[in-house]
Structures are given as structure tokens and as C-alpha cells.
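The primary structure of each chain is shown beneath.
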Amino acid sequence: VTASIYSKKHVVVPSSFDDNYRATLEKIITENQIDYYLPLIDLEIKNAYQSEYLTTKLVANNSYFCNAAIKKDCYHTWAADLNIQTPARLKLNKLKNGDTVVLKKNGGFGSKDTKIVKYQAVNKYNQNEITAYKHIDGDEYTIDCYPLNGRAITTIRKRVEVKNGVCIKAKITQNEQLTDTAQKLVDHFHLNHPFCFQVINQNSEYYLIDLNPRLGG
């Protein structure tokens, strides 16, 4: 990680899926008298909430929001009440030849775990781990949000150039509708720490495609 170049000290920890991950992290925080723990991956935030000790050091939004963000296949259950549109979920057995769909899994990490495929390629993936969504074609935006005294302050980036699923060029813009969406999320989930979400604009309609309980990478 390039950030380690500028730190006074850095350590390498096991994968967050490793059985020793949490204990190793707790030991490092204790030995180095670290005051705050700021995870950069969604599942690490969820993991931290399972430790009473890490919770006291954690800088992140509440566990309810964290779990809602990770459960991508349930966005529609709360987004509809906020008048936020989400791509329609599709039944795999109802797809037809030539259909283009988006495949995601709960807890997936950004574009890395999102696949846009033709119907014929769906069987290459573990169907117990994925959910299929309608493919929304349009301009994609990432909205970084900074709640301050209950108000959502936003930085909105339109993706201009993407390489290997990572945005390498973006245009900063302003958009009252997306800032209003950020405010709805702050109010509904009672947020007081930074977070981000992604939308696609198709025919002047915005669709929520991802939500993260942290700032964007």
C-alpha cells in the first residue's frame, strides 16, 4: 500500500478471512497504543463490530448501515421507501439468449466483484453466491459523503476513464439531486462518518448500484 511510504511505522496483518486476523489486530492496536481504527474495506468494518475491543477504537458508521451496504441484494427493500431507484433483480431461470446482466455478490469489493456478462456466461459463476440485476447503461458517478452536524456534504465524481474496473480519470461535478440522495441516506441510517455510493444515470434517472460504509478507494 503506497500510504505505508508516508507512515512512521506499518505492519502486515493476515487476511481479514484468517482466523487470527482479529486477535492480531487487537494486539497491534494495544502494543502501539493506537487511538483510532479506520478500516478501508467493508467486511473489515463488519468484522470490527464483532469485537468489543475493536468497537471502542472504530471510526465508522453504525453496524446497521454497514450490514445494509454489504447486503447488495437487499438494497431495494429500503431504497424504495426513500424514493431511490435500484436496478431490477432478475431470476436466473428467466433469462434469455442474448440478455446482458450484471452479476454481484454480497460483500463484494467494488468493480472487482461485479461482472457484466451475456446470458451464456452466467453458468461460469457460482449461482449460490451471485445475484443478477438488469444492466443499466449510462454515465457512472461516485459520491463521497461527509456528514457534518446532520448535513450531507458531498464530492461528486463522474467516471471519465476506467482501467481494469478502477476509475483512473474523473470529472468533479455538482448535482443537487445526488446530494439530496446523500442526505436521505444520512437521515435514514443516522450517519455521522464518511461513506460513499455509486449511481448510474440513464435517461436522466439515477440508479443506486453500490453503497459503501467508507470513503471510495
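Quick note: structure is the one above.
All of the points below concern the structure found in this document. (Residues numbered from 1 in each chain as written. Predicted model: local features only at pLDDT ≥ 70, side-chain atom pairs only at ≥ 80, totals over all residues. Heavy atoms only, no water.)

**Some details on the sheet that holds strand 6 (residues 151–163)**
What counts, and what does not: Paired strands, in this sense, are two strands between which DSSP finds at least two bridges. Under the DSSP-based scheme used, a helix requires at least four consecutive residues in state H or I and a strand at least two consecutive residues in state E, with every element numbered from the N terminus. Angles shown run from 0 to 180 degrees and are taken between the N-to-C directions of axes, each axis being a line fitted to C-alpha atoms and, for helices, limited to the stretch in contact. Contact definition: two residues touch when any of their heavy atoms are within 4.5 Å.
An order of 7-6-5-8-9 is seen for the five strands of this open sheet, with the pairing classed as antiparallel. The sheet is open, and its two borders are formed by strand 7 (166–173) and strand 9 (205–212), each paired with just one other strand. If you compare each strand with its neighbour and ignore which way they point, the axes differ by 35° on average. Strands in contact with helix 6 (residues 176–189) are strand 5 (139–148), strand 6, strand 8 (195–202) and strand 9; relative to strand 6, the strand with the most contacts, it is inclined by about 120°.

**Concerning the pattern of salt bridges**
Worth spelling out the cut-off: Only one rule defines a salt bridge in this text: a Lys or Arg side-chain nitrogen within 4 Å of an Asp or Glu carboxyl oxygen. For every residue, the accessible area obtained with a 1.4 Å probe (protein chains only) is divided by the maximum for its type, and the residue is called buried under 20%, exposed over 50%, and partly exposed between those limits.
The tally for this structure, following the rule as stated, stands at seven salt bridges. The salt bridge partner of Lys-72 is Asp-210, with a shortest N-O separation of 2.6 Å. Taken together, the residues span a long stretch of sequence, with Lys-72 in the loop between helix 4 (63–70) and helix 5 (75–79) and Asp-210 in strand 9 at a distance of 138 residues. Overall, Lys-72 belongs to the buried group, its relative accessible area being 7%.

**Regarding the nonpolar core**
Rules: Buried Ala, Val, Leu, Ile, Met, Phe, Trp, Tyr and Cys residues that are joined via side-chain atoms within 4.5 Å together make up what is termed a nonpolar core.
One finds Trp-78, Ile-143, Leu-185, Phe-195, Phe-197 and Leu-211 to be the most contacted residues of the largest nonpolar core, which totals 25 residues. Counting residues per element, the ones that place at least two in this core are helix 4, helix 5, strand 5, strand 6, helix 6, strand 8 and strand 9. Here this core gets five residues from one element, more than from any other, and that element is helix 6. If you look at the next biggest cluster of nonpolar residues, it comprises 11 residues, including Ala-48, Leu-58, Ala-60 and Cys-66.

**Points about the sheet that holds strand 3 (residues 114–118)**
Strand order across the open sheet formed by four strands is 1-4-2-3, with antiparallel pairing between neighbours. Strands with a single pairing partner mark the edges of an open sheet, and in this sheet they are strand 1 (89–90) and strand 3. The pairing of strand 2 (residues 100–104) with strand 4 (residues 131–134) spans four bridges and is classified as antiparallel. In the sheet register, Val-101 faces strand 4, and the bridge partner there is Lys-134.

**Regarding the packing of aromatic side chains**
Just so we agree on the cut-off: Note on aromatic contacts: the rings of Phe and Tyr and the six-membered ring of Trp form a pair at centre separations within 6.5 Å, being stacked when their planes are under 30 degrees apart, edge-to-face when over 60 apart, and tilted otherwise.
Within the structure shown, the criterion is met by six aromatic pairs. Aromatic pair Phe-65 and Phe-195: ring centres 5.6 Å apart, planes at 80°, arrangement edge-to-face. Of this pair, Phe-65 sits in helix 4 while Phe-195 sits in strand 8, placing them 130 residues apart in sequence. With relative accessibility at 0%, the residue Phe-65 sits in the buried group. A centroid spacing of 5.8 Å and a plane angle of 55° characterise the contact between Tyr-75 and Trp-78, whose relative ring orientation is tilted.

**Digging into the side chain of Asn-212**
Structurally, the position occupied by Asn-212 is in strand 9. Owing to a relative accessible area of 4%, Asn-212 belongs among the buried residues under this scheme. Here Asn-212 is in contact with Asp-42, Phe-65, Ala-69, Phe-195 and Cys-196, once residues within four sequence places are set aside.

**Things to note about the layout of surface pockets**
Our working rule: Residues are called lining when one of their atoms sits within 4 Å of a cavity or pocket point, these points coming from a 1 Å grid over the protein atoms alone, where a cavity is a set in which a 1.4 Å probe fits but cannot get out and a pocket is an open set with protein on both sides within 12 Å along at least five of seven lines. Grid points are joined across faces, edges and corners, and a volume is the space filled by probe spheres set on the points. Here the nonpolar group is Ala, Val, Leu, Ile, Met, Phe, Trp, Tyr, Cys and Pro; Asp, Glu, Lys and Arg are the charged ones; every other residue, Gly included, is treated as polar.
Considering only enclosed or pocket space, the second largest pocket measures out at about 650 Å³ in volume. Mapped onto the lining of the second largest pocket, the elements with two or more residues apiece are helix 5, strand 2, strand 3, strand 4, strand 5, strand 6, strand 8 and strand 9. Grouping the constituent residues of the lining of the second largest pocket by class yields 10 nonpolar, nine polar and 12 charged.

**Observations regarding helix 1 (residues 21–31)**
Selection criterion: Here the arc refers to the directions that run from the helix axis out to each C-beta atom.
Turning to helix 1, its buried residues are Tyr-21, Leu-25, Ile-28 and Ile-29. Taken around the axis of helix 1, the buried residues stretch over an arc of 95°, which confines them to a single face. In this structure, helix 1 carries Lys-27 and Glu-31 as exposed residues pointing more than 90 degrees from its buried face. Where helix 1 is buried, its residues contact helix 2 (42–48) and helix 3 (52–57). Remark: Gln-33 follows helix 1 within two positions and exhibits a positive phi of approximately 50°.

**Focus on helix 6**
An α-helix turns once every 3.6 residues. As a result, residues three or four positions apart point the same way. Selection criterion: Helix span is expected to be 1.5 Å times the residue number reduced by one. Under this definition, polar contacts are N or O atom pairs within 3.5 Å; protein pairs additionally need one hydrogen-donor-capable and one acceptor-capable atom, and for neighbouring residues in sequence, both atoms have to be side-chain atoms.
Its 14 residues place the ends of helix 6 20 Å apart at the C-alpha level, agreeing with the 20 Å of an ideal helix rising 1.5 Å per residue. Of all the residues in helix 6, the buried ones are Leu-178, Thr-181, Ala-182, Leu-185, Val-186 and Phe-189. Relative to the axis of helix 6, the buried residues are bounded by an arc of 140° and lie together on one face. Structurally, helix 6 contributes buried residues whose contacts are with helix 4, helix 5, strand 5, strand 6, strand 8 and strand 9. Residue Asn-175 occupies the N-cap position of helix 6, its side-chain oxygen lying 3.0 Å from the main-chain nitrogen of Gln-177. Of the residues one or two after helix 6, His-190 is the one with positive phi, at around 55°.

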